[in-house]
Amino acid sequence: MTVDCQWIEKNLEALFCDTLSPEQNRIARAHIESCDSCGKEVAALKAIDPLVKRYFQSELDRALRVRVAGRRLPASRFLGLGSAALVAASVLLVFALRTPPQRPATAASSSVQGTTESQSSEATPVVKSTDAVNVERAKPDASASVEPPQTARAAAATNENAPQFLVTDPAGYSRTLSDYRGYVLVIGVLNVRQADSASNLERLYKAFGSNPKFRFVAVSLDRQPRPAETTFPVTYNEGSTLFGAKPGDFVLLDQTGSIQLRGSLVKDYDSLFKRLQEN
Ligand SMILES: [Zn+2]
């Protein structure tokens, strides 16, 4: 049996599903270790491995539940089918990522891969550099990788990994919680349909804003202009959760960034005022 790049490419699925014979597996791994191109391909697949593993685990759980429930479906077979399908999808995804959009289709399609490898050595640097780029692109996660980096970052901000507090000021500078360490911070979320919340925040800002202990930040969720007759600093949310605060809500954080109080700028105005007085 000769294991070359083409063989590896054809058997990636089997390699990742562990369905190769021990001998095939040994020779395949030896080739991958010594071959830059195949090594990068496997690294790209491994970059989406956490996703694959998570899927395997849920499939396994599901299979076990089915078995416990007394159905005759063999768990291993049930698991195997789902896994193979997923690995096949992962392999396709890696090939999709490996194909730079600006290059002609013939240069990067998987059927030409073996030919490229067996050709003269001057073709190699080109292949290597695009591989490196594509391995990078494959890293973040499956959903982000298919989009350009800029939108991937915006999309990431809406997922469960979104920061608690990330805003930009009107000049475009980012602000995170660490910028307010050591201060008592009042975060007020602006509500365009509720003028009271903005005027209450303004009253608090007038009463406590000159005290160097305090910082006030009004956050606009949708880049609305500042409410009329207000002077407090306005920032724009950059996909952060704002501790779950809704428009018209406030969050009061102490000097260490822990939540002291939260509520509505309208309904809970008095308790917020009192709490600020105590600080
Ligand atoms: Zn190879």
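Reference entry: report on the structure contained in this document. These numbers come from a predicted model, not from an experiment. (Residues numbered from 1 in each chain as written. Predicted model: local features only at pLDDT ≥ 70, side-chain atom pairs only at ≥ 80, totals over all residues. Heavy atoms only, no water.)

## Looking at the overall build of the protein
Definition in use: Secondary structure elements are defined from DSSP: runs of H or I of at least 4 residues count as helices, runs of E of at least 2 residues count as strands, and each element is numbered from the N terminus. Each residue is assigned to one of three classes by its accessible area relative to the maximum for its type, calculated with a 1.4 Å probe on protein chains only: buried under 20%, partly exposed between the two thresholds, exposed over 50%. The Shrake-Rupley method, run with a 1.4 Å probe sphere, supplies the accessible areas, and residue values consider only the shown protein chains as cover.
When helices and strands are counted, the protein shows 13 helices and 7 strands. Looking at the protein as a whole, 37% of its 279 residues are labelled buried. Within the structure as shown, the protein displays about 16,200 Å² of accessible surface, and the carbon and sulfur contribution to it stands at 54%.

## Considerations on helix 13 (residues 269–278)
Defined as follows: In this context, the arc is that of the directions from the helix axis out to the C-beta atoms.
The set of residues buried in helix 13 consists of Y269, L272 and L276. Taken end-on, helix 13 shows its buried residues confined to a sector of 65 degrees, consistent with a single buried face. Structural note: helix 13 exposes D270, K274, Q277 and E278 on the side pointing more than 90 degrees away from its buried face.

## Quick word on the pairing of strand 3 (residues 184–189)
Stated formally: Note on pairing: two strands pair once DSSP finds at least 2 bridges between them. Handedness of a crossover is defined as follows: orient the strands so they point away from the viewer, and if the path from the first strand over the helix to the second runs clockwise, the crossover is right-handed.
Of all the 6 residues making up strand 3, 6 are buried; the element is thus mostly covered by neighbouring parts of the structure. Along strand 3, one buried face is formed by V184, V186 and G188 and the opposite face, lined by L185, I187 and V189, is buried too. Bridging between strand 3 and strand 4 (residues 214–220) involves 6 bridges; their strand directions are parallel. By the bridge assignment, I187 is partnered in strand 4 with V217. Assessed by its sense of winding, the connection that carries the chain from strand 3 through helix 12 (residues 195–208) to strand 4 is right-handed. As judged from the 4 bridges shared by strand 3 and strand 6 (residues 249–253), these two strands associate in the antiparallel manner.

## Section: the coordination of the zinc ion
Short version of the rule: A donor here means an N, O or S atom no more than 2.8 Å from the metal, or no more than 3.2 Å when the metal is Na, K or Ca. Since water is not included, a site may seem to lack partners. In short, tetrahedral needs four donors with all angles between 85 and 135 degrees, square planar needs four and octahedral six donors with opposite donors over 155 degrees apart and all other angles between 65 and 115, and whatever is left is irregular.
Binding of the zinc ion to the protein goes through C5 (SG), H31 (NE2), C35 (SG) and C38 (SG), at separations of 2.1 to 2.3 Å. Given 4 donor atoms and angles of 100 to 113 degrees at the metal, the environment of the zinc ion is assigned as tetrahedral. Mapping the donors of the zinc ion onto the primary sequence yields the spacing C-x25-H-x3-C-x2-C. Here C5 is found in helix 1 (residues 5–10), whereas its partner H31 is found in helix 3 (residues 22–34), with 26 residues between them in sequence.

## Things to note about the nonpolar core
So the rule is basically this: Among buried residues, the Ala, Val, Leu, Ile, Met, Phe, Trp, Tyr and Cys ones that are joined through side-chain atoms within 4.5 Å form a nonpolar core. Contacts were defined at the residue level, with two residues in contact if any of their heavy atoms lie within 4.5 Å.
Judged by nonpolar contacts, the single largest core of 19 residues is most densely connected at L204, F216, L272 and L276. Those elements that provide at least two residues to this core are strand 3, helix 12, strand 4, strand 5 (234–237), strand 6 and helix 13. In terms of residue count, the dominant contributor to this core is helix 12 (4 residues). When near neighbours in sequence (up to four residues on either side) are disregarded, F216 contacts V186, L201, L204, Y205, F208, G209, P233 and L276. Counting 15 residues, the second-largest nonpolar core is a separate cluster that includes L12, L20, I32 and C38.

## Quick notes on the pattern of salt bridges
Put simply, the test is: Each reported salt bridge corresponds to a side-chain nitrogen of Lys or Arg within 4 Å of a carboxyl oxygen of Asp or Glu.
Within the structure shown, the criterion is met by 6 salt bridges. Close ionic contact of D36 with K40 constitutes a salt bridge, the shortest N to O distance being 3.5 Å. Within this pair, D36 and its partner K40 are both found in helix 4 (residues 36–47), separated by 4 residues, close to a single helical turn. The shortest N-O distance in the salt bridge between R275 and E278 comes to 4.0 Å. With a gap of 3 residues between them, R275 and E278 both fall in helix 13, about one helical turn apart.

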